[in-house]
Amino acid sequence: MMRRPLRAALAACVLLLCRDAAFAAIRDVRESGSGIEYRVDDTRVKVEFVTDRIVHVTATRNGDWSTSAHLMRVPVAAKPGAITASDEGEARILRSAQAGVAVNRKTGALAFRNAAGAVLLREDDAAPRAFDRVAVFKSTPDPATVSTVKTVDGDRQVAGKYVQMKDRDAWKATARFRLGDDEALYGLGFDETADLDLRGKTRRLYQHNLRIAIPFVVSTRGYGVLFDTYSAMTFADGKTGMQVTSDVVDDLDYYFILGPSMDGAVEGYRELTGAATMLPRWAYGYVQSKERYKTQDEVVETVKAFRKRRIPLDLIVQDWNYWTPDHWGSPVPEAARYPDIAAMTKAVHDENAHVMISIWPNPSPLDAPGKELKDGGYLSGGTPYVDFFRPEAADVYFSNVWKYLGRHGIDAWWCDSTEPEVADWTWDAKRSGRADDVNVDGLARVMDPQYLNAYALVDAQHFMRNWRRHAPGKRLVNLTRSAYPGSQAAGAVAWTGDISATWSVFAQQVAAVQSYSASGNPYVTFDIGGFFVARGRPWFMAGDFDQGAADLGYRELYTRWLQLGVFLPMFRSHGTDTPREPWHFGAPGTPFYDAIVDAIQLRYRLLPAIYSQAGLVHLRGASFIRPVAFAFPNDPRTHDLKSQMLFGDGIMVSPVTTPMYFAPGSRPIEGAARTRDVYLPAGTWFDFRTGERLAGGRTVAVAAPIDRMPVHVRAGSIVPLGPVVQYASERPDAPIELRIYPGADGDYTYYEDAGEGWGYERGEYALTGMHWDDAAHKLTIAQRRGAFPGMQARRRFKVVIVGREGKAADLVYDGRAVTIQQ
C-alpha cells in the first residue's frame with residue numbers, strides 16, 4: 001500500500017474520497033494538506049495537525065463552524081511537516097513525522113498514535129461523541145429584590161430573584177474515550193478532594209473558592225488532551241472509559257498533544273496556550289502575609305522587624321480592608337490609616353523589600369472608582385463585579401487601580417475573589433449536598449454560561465495588558481484565586497483558596513498543588529498554615545486550633561506546612577485568626593522558631609536553582625513541581641503517590657503530614673515515631689541534608705525531626721546553591737555552590753537574566769550548560785550562550801561532589817568552556 005504526500009497529490013489541497021463504497025458511514029470526506037474533514041450521521045468532524053505532535057479535533061451539529069472566541073489560545077509558531085495518508089483496514093490513517101490519527105470509516109471514531117504506530121488514545125468506537133440541544137438563558141436581577149447584605153466576603157448587592165430569558169440555543173457535548181488499563185491520568189486543576197490519579201474518578205469542573213478548573217489531562221502514556229471549552233464541565237472515568245462533557249458549547253473542541261513524555265505534553269499545552277511569564281527575581285523569595293495589617297505603619301514596621309531579626313524577606317502583603325469601613329473592595333485607602341501610600345512603599349523599598357496589595361473586582365460604589373464602573377454600565381449581570389469580558393470595563397477598572405495604588409509604587413497584585421460567585425460560601429453550618437449544582441447555577445446567573453469558567457482568565461489577560469502599558473519596565477506578579485489555560489501567560493500565580501488548618505487538609509494540599517501543576521499551569525501556591533486556623537460557624541471555617549500560634553499543635557502543623565512551601569514557586573505565609581510572623585512561633589533557640597527560620601534560609605540558598613528552573617519554565621515549558629510519575633511513568637507505585645512530589649528534575653520532596661509532637665490544645669503525643677516512610681523509585685538517591693547514599697526501588701524510613709523534612713536528590717543531578725541572604729538581590733556576585741550528585745551522568749542548564757523587566761522576551765538572558773560524566777568523574781561547563789544588561793561576566797563556582805569529602809574545587813568561570821576533573 002503506497003503512501004502519498006497530500007500536498008503533492010492535491011493541487012487545490014482538497015480531495016473528495018469516494019473510493020470504497022463499503023465504508024459508507026462517513027461521507028462528504030475532504031482531505032487537505034494538514035488534516036481531514038468528514039460527516040458522520042448529523043455531525044461534522046474536522047481533524048487538523050497544528051504541529052507534528054498536536055492534533056486539533058472539532059465536531060459540530062451546526063451548519064457552520066463556530067466563530068466564538070478561543071480565549072485560551074495563542075498563535076502557534078511551529079507548523080506541521082508533510083502529512084501523509086494511507087488506508088489500513090477500516091481506517092484512514094493520517095501521519096505526521098511524530099504522530100498519527102486513524103479515522104474509523106464505519107464509525108467516524110478517531111485513534112491517536114505515536115511515531116511507531118502504537119495507539120495511545122482512542123475515541124469510543126461505539127459512541128465517540130454525543131450532542132444534546134440546550135437552551136441558553138440570560139439572567140437579569142429583579143431590581144425590586146436587590147439589597148445589600150453582609151456576607152462572609154463583605155457587603156454585597158444580592159438579588160433575591162432573577163428573571164430569565166432565552167438568549168440562544170447551544171449544545172451539551174460529550175467526547176468519549178477508551179484508556180489503557182495500566183495508565184494513570186492527572187490534571188483538571190484541583191478541588192476539595194485529595195485525588196491525584198484521576199482514573200475511576202468523577203469531577204465537576206467549575207471555579208470556586210476551593211477549586212480551580214483546568215480542562216487538561218496528561219497520561220503516563222505520554223500524551224495530553226486539552227479541551228477548548230469555557231462552560232462548566234464534567235469528567236468521568238469508569239468501566240466504559242473516560243468521558244468529558246461540556247455543558248454549553250457551539251462545537252466540541254479538543255487537542256490531542258503527543259509528548260511523547262508527560263513533560264512534553266505539558267510543553268505542548270504551553271505551546272497552545274502561551275509560555276509562562278517570568279516573575280521578578282524577588283518574587284521567588286519569602287512572602288509575608290496575614291489577614292491583615294491594619295495601617296501603613298504596621299506594614300513598614302513588620303518589614304523592619306524582619307531585617308532586625310535577620311530573617312530573609314522579599315515581599316510584604318497588604319490584605320483587604322485598607323479601605324474606608326463599609327466601602328467594600330474599593331482601591332481607595334482610608335486616609336486615617338493609610339495617609340500616604342507612596343511613603344509606605346518607599347519605606348519598604350528602602351529596606352530592600354516589595355509590596356503586594358489585595359484588589360477586588362467588586363469595588364464599592366461609595367467611592368469614585370466603583371461609582372464610575374456602576375454608572376458606566378461596566379458591571380456583570382447586575383452584580384457589583386466588573387465585566388472583564390469587555391476590554392473597556394477592564395480598562396476603567398485598571399485606570400483607578402493605577403491612580404490610587406499602582407502609581408504610588410505598589411509592586412505586586414493580589415487579584416482576589418475572581419470567581420465572581422461562590423453561591424455556597426454562606427454562613428450555613430453545613431454545606432449543601434447540592435453544592436455543585438448551586439455553584440454552577442450561581443455562576444450562570446451572573447455571566448454567560450458558555451464562558452463561566454473564563455472570568456479569571458480575561459481578568460488576568462486585561463490586567464497584564466494594562467500593566468505593561470503603565471509599568472513597562474516591571475514584570476507582573478498577579479496572585480489570583482482562579483485560573484484557566486492561558487493564565488500562566490498573563491503573570492498569574494494561583495493559590496488554593498481559603499483552606500482550613502488541619503493535618504488532613506495539609507495532606508490534601510500536597511496532592512492539590514501537584515494536580516494543578518500537572519494541569520499545565522506552573523505557578524501555584526497555598527496559604528502556609530491554612531487560612532482558617534480556628535473553627536467558626538460557617539462550614540468552611542473548620543480549623544482545629546482555636547488558640548492559634550499559642551497552640552503547640554498549630555506550631556507543629558505550621559512548621560511542617562512552611563517546610564513544604566519552600567519548594568513551591570511562590571513561598572507565601574498567609575491566613576487569619578492568628579499572626580504569621582516567625583517570632584509568634586517561639587523565641588530564637590526554641591524548636592519551632594529555629595525550624596521556621598531554617599526553612600526560610602533554605603529557600604534563599606535554593607534561589608539559584610529556583611530561578612534557573614523559572615527560566616526553563618518559560619523557555620522550555622518545564623514545571624517547578626510534578627507528580628513523581630512524571631519521571632517514572634512505568635513504575636505503578638508512583639501513579640498515585642500523593643504524599644511526595646518532584647521539584648525540578650531530580651529533587652524528591654516528602655512532606656511530613658501527620659503530627660509527631662503535639663495534638664491540638666498543646667497535648668503532647670507520646671511514642672510517635674519521628675520518621676517518615678519515603679518511596680524512592682529505581683536508581684540512586686542522596687539525602688539532601690546528610691549526603692547519605694541510598695538505593696532506590698524501595699521504601700525507606702527517613703528521620704524527620706521537627707527541623708527536617710525528608711528531601712532526596714537523584715543521582716546525576718546538579719543543584720546550584722547560593723549563600724543565605726536577606727533578600728534576593730543582596731549579593732548578585734555571590735559564589736554559587738554546584739552540588740554534583742554522582743552515580744549517573746547528568747545535564748543541567750543554569751539560567752540567568754536581569755531579574756526584572758521584559759528583556760528576557762527579547763532574548764536578553766544567558767544559559768550555561770553543564771554535563772557530569774560519572775564514569776570519568778568530570779564536570780564540563782560549556783561556553784555561556786547569550787547575555788543581558790548587568791550580567792556578571794565572571795562567576796565563581798564551588799564544585800562539590802556529594803559523598804566525597806574534601807573534593808570541592810573552586811573556579812572562576814568567565815563564560816568560556818571549562819572542564820573540571822574530580
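How each quantity is defined
- Residues numbered from 1 in each chain as written.
- Predicted model: local features only at pLDDT ≥ 70, side-chain atom pairs only at ≥ 80, totals over all residues.
- Heavy atoms only, no water.
- Helix = DSSP H or I, 4+ residues; strand = E, 2+ residues; numbered from the N terminus.
- Rg over C-alpha atoms; globule rule 2.2 N^0.38 Å.
- Buried < 20%, exposed > 50% of the residue type's maximum accessible area, 1.4 Å probe, protein only.
- Contact = heavy atoms within 4.5 Å.
- Areas by Shrake-Rupley, 256 points an atom, 1.4 Å probe, with all protein chains shown as cover.
- Lys, Arg positive; Asp, Glu negative; His and termini not counted.
- Charge placed at Lys NZ, Arg CZ, Asp CG, Glu CD.
- Pairing = 2+ DSSP bridges.
- Axes fitted to C-alpha atoms, helices over the stretch in contact; angles between N-to-C directions.
- Salt bridge = Lys/Arg side-chain N within 4 Å of Asp/Glu carboxyl O.
- Phe/Tyr/Trp six-rings, centres within 6.5 Å; stacked < 30°, edge-to-face > 60°.
- Lys NZ or Arg CZ within 6 Å of the ring centre and 35° of its normal.
- Parallel < 35°, antiparallel > 145°, perpendicular 65-115°, else oblique.
- Nonpolar A, V, L, I, M, F, W, Y, C, P; charged D, E, K, R; others polar.
- Core = buried A, V, L, I, M, F, W, Y, C linked by side-chain atoms within 4.5 Å.
- Expected span 1.5 Å × (residues − 1).

## Looking at the overall build of the chain
No. 1: What the chain contains, in helices and strands, is 12 helices and 49 strands.
No. 2: At 27 Å, the chain has a C-alpha radius of gyration in line with the 28 Å of a compact globule built from 822 residues.
No. 3: In the chain, which comprises 822 residues, the proportion classed as buried is 62%.
No. 4: The contacts in the chain between residues at least 6 apart in sequence include a share of 69% that link residues at least 24 apart.
No. 5: Approximately 29,300 Å² of the chain is accessible, and the part contributed by carbon and sulfur atoms is 50%.
No. 6: Within the chain, one finds 97 positive and 98 negative side-chain charges whose respective centroids are separated by 3 Å.

## What to know about the sheet that holds strand E47 (residues 795-801)
No. 1: The four strands lie next to each other as E41-E42-E47-E48, forming an open sheet whose pairing is mixed. Two strands in the sheet have a free side with no partner beyond their single neighbour: strand E41 (718-721) and strand E48 (809-813). Across the sheet, the mean angle separating the axes of adjacent strands is 25° when strand polarity is ignored.

## A short note on unusual backbone geometry
No. 1: Cis geometry is found at the peptide bond from Gly259 to Pro260, where omega equals 0°.
No. 2: The residue Pro260 is located in the loop between strand E22 (252-258) and helix H2 (262-273) in this model.
No. 3: Residues Glu419 and Pro420 are joined by a peptide bond in cis, for which omega reads -20°.
No. 4: Structurally, Pro420 is set in the loop between strand E26 (412-415) and helix H7 (435-446).
No. 5: The phi dihedral of Arg310 falls on the positive side, at around 60°, and the residue is not glycine.
No. 6: Of note in this structure, Asn321 is not a glycine but carries a positive phi near 65°.
No. 7: Relative to the helices and strands, Asn321 resides in the loop between strand E24 (315-318) and helix H4 (341-350).

## Description of the pattern of salt bridges
Pairs may arise between side chains of opposite charge once their charged atoms sit close together.
No. 1: Taken as a whole and assessed by the stated rule, the structure comprises 49 salt bridges.
No. 2: As a salt-bridge pair, Lys290 and Glu298 come within 3.6 Å of each other at their nearest N and O atoms.
No. 3: A relative accessible area of 25% means that Glu298 is categorised as partly exposed.
No. 4: A salt bridge links Lys346 to Asp350; the nearest nitrogen and oxygen atoms lie 3.0 Å apart. Taken together, the residues span about one helical turn, with Lys346 and Asp350 both in helix H4 at a distance of four residues.
No. 5: If you follow the salt bridges from partner to partner, you end up with Glu192, Arg211, Asp424, Arg431 and Asp436 in one network.

## Some words on the packing of aromatic side chains
No. 1: Overall, the coordinates contain 57 aromatic pairs when judged by the stated rule.
No. 2: Aromatic side chains Phe531 and Phe532 sit 4.7 Å apart centroid to centroid with 85° between the ring planes, which places their arrangement in the edge-to-face category.
No. 3: For the ring pair Tyr554 and Phe585, a centre distance of 6.1 Å and an interplane angle of 35° mean the geometry is tilted. Pair noted here: Tyr554 is in helix H10 (residues 552-565) and Phe585 is in the loop between strand E30 (571-573) and helix H11 (591-605), with a separation of 31 residues, a long-range link.
No. 4: Pairwise contacts between aromatic rings join Tyr230, Tyr385, Phe388, Phe389, Tyr397, Tyr451, Tyr455 and Tyr484 into one cluster.
No. 5: One cation-aromatic arrangement involves Arg133 over Trp171; the distance from NZ or CZ to the ring centre is 3.7 Å.
No. 6: Between Arg739 and the ring centre of Phe688, over which it is positioned, the NZ or CZ distance is 5.0 Å.

## Topic: the sheet that holds strand E31 (residues 625-626)
No. 1: Strand order in the open sheet made by the six strands is E31-E32-E33-E40-E37-E38, with antiparallel pairing throughout. The two strands at the open ends of the sheet, each matched to only one other strand, are E31 and strand E38 (693-695).
No. 2: For strand E37 (residues 684-687) and E38, the ladder comprises three bridges, and the chain directions are antiparallel. Of the residues in E38, the one forming a bridge with Trp685 is Leu694.

## Comments concerning the packing of helix H3 (residues 296-309) against H4
No. 1: One way to put it is that H3 packs onto H4 with a least axis distance of 9 Å and a crossing angle of 5°. Compared by their axis directions, H3 and H4 come out roughly parallel. The segment H3 lies against H4, with Gln296, Val299, Val300 and Val303 engaging Ile341, Ala343, Met344, Ala347 and Val348.
No. 2: The residue makeup of the contact of H3 with H4, split by class, is eight nonpolar, one polar and no charged.

## Quick word on the side chain of Arg560
No. 1: Residue position: Arg560 is located in helix H10.
No. 2: For Arg560, which is buried and forms no salt bridge, the nearest opposite charge comes from Glu556, at a distance of 4.9 Å.
No. 3: Setting aside its immediate chain neighbours within four residues, Arg560 contacts Trp503, Phe506, Val656, Met660, Tyr661, Ala704, Pro705, Ile706, Arg708 and Met709.

## Topic: the nonpolar core
No. 1: Core analysis: the biggest nonpolar cluster contains 237 residues, and Ile359, Trp413, Phe567 and Leu779 have the highest contact counts within it.
No. 2: Setting aside residues no more than four positions away along its own chain, Phe567 makes contact with Leu602, Arg603, Leu606, Ile625, Met645, Phe647, Ile651, Val653, Met709 and Val711.
No. 3: Listed in part, the 12 residues of the second largest apolar core include Val628, Phe632, Leu641 and Leu694.

## As for H2
No. 1: The end-to-end C-alpha distance of H2, which contains 12 residues, comes to 17 Å, matching closely the 16 Å that a straight helix rising 1.5 Å per residue would cover.
No. 2: For H2, the tally of buried residues reaches nine of 12 residues, placing the bulk of the element in the interior.
No. 3: Looking only at H2, the buried set comprises Met262, Gly264, Ala265, Val266, Gly268, Tyr269, Arg270, Leu272 and Thr273.
No. 4: In the stretch just after H2, Gly274 is the one whose phi turns positive, near 115°.

## With respect to the pairing of strand E19 (residues 223-227)
No. 1: Most of E19 is tucked away: five of the five residues are buried.
No. 2: Residues Tyr223, Val225 and Phe227 line one face of E19 and the alternating positions Gly224 and Leu226 line the opposite face, and both faces are buried.
No. 3: Pairing of strand E18 (residues 212-219) with E19 involves three bridges; the strand directions are antiparallel. Its bridge partner lying in E19, Phe216 is registered against Leu226.
No. 4: Between E18 and the antiparallel strand that follows it, E19, lie three residues; Gly222 among them carries a positive phi value of about 90°.
No. 5: Examined bridge by bridge, E19 and E22 share five bridges and lie antiparallel to one another. Bridging from a neighbouring strand, Leu226 pairs with Tyr255 of E22.

## Some remarks on the packing of helix H5 (residues 368-375) against helix H6 (residues 391-404)
No. 1: Here H5 crosses H6 at 170°, and the two axes come no closer than 10 Å. It follows from the interaxial angle that H5 and H6 lie roughly antiparallel. For the pair H5 and H6, the contacting residues are Ala368, Pro369, Glu372 and Leu373 in the first and Ala393, Val396, Tyr397, Asn400 and Tyr404 in the second.
No. 2: In terms of residue class, the contact of H5 with H6 is built from seven nonpolar, one polar and one charged.

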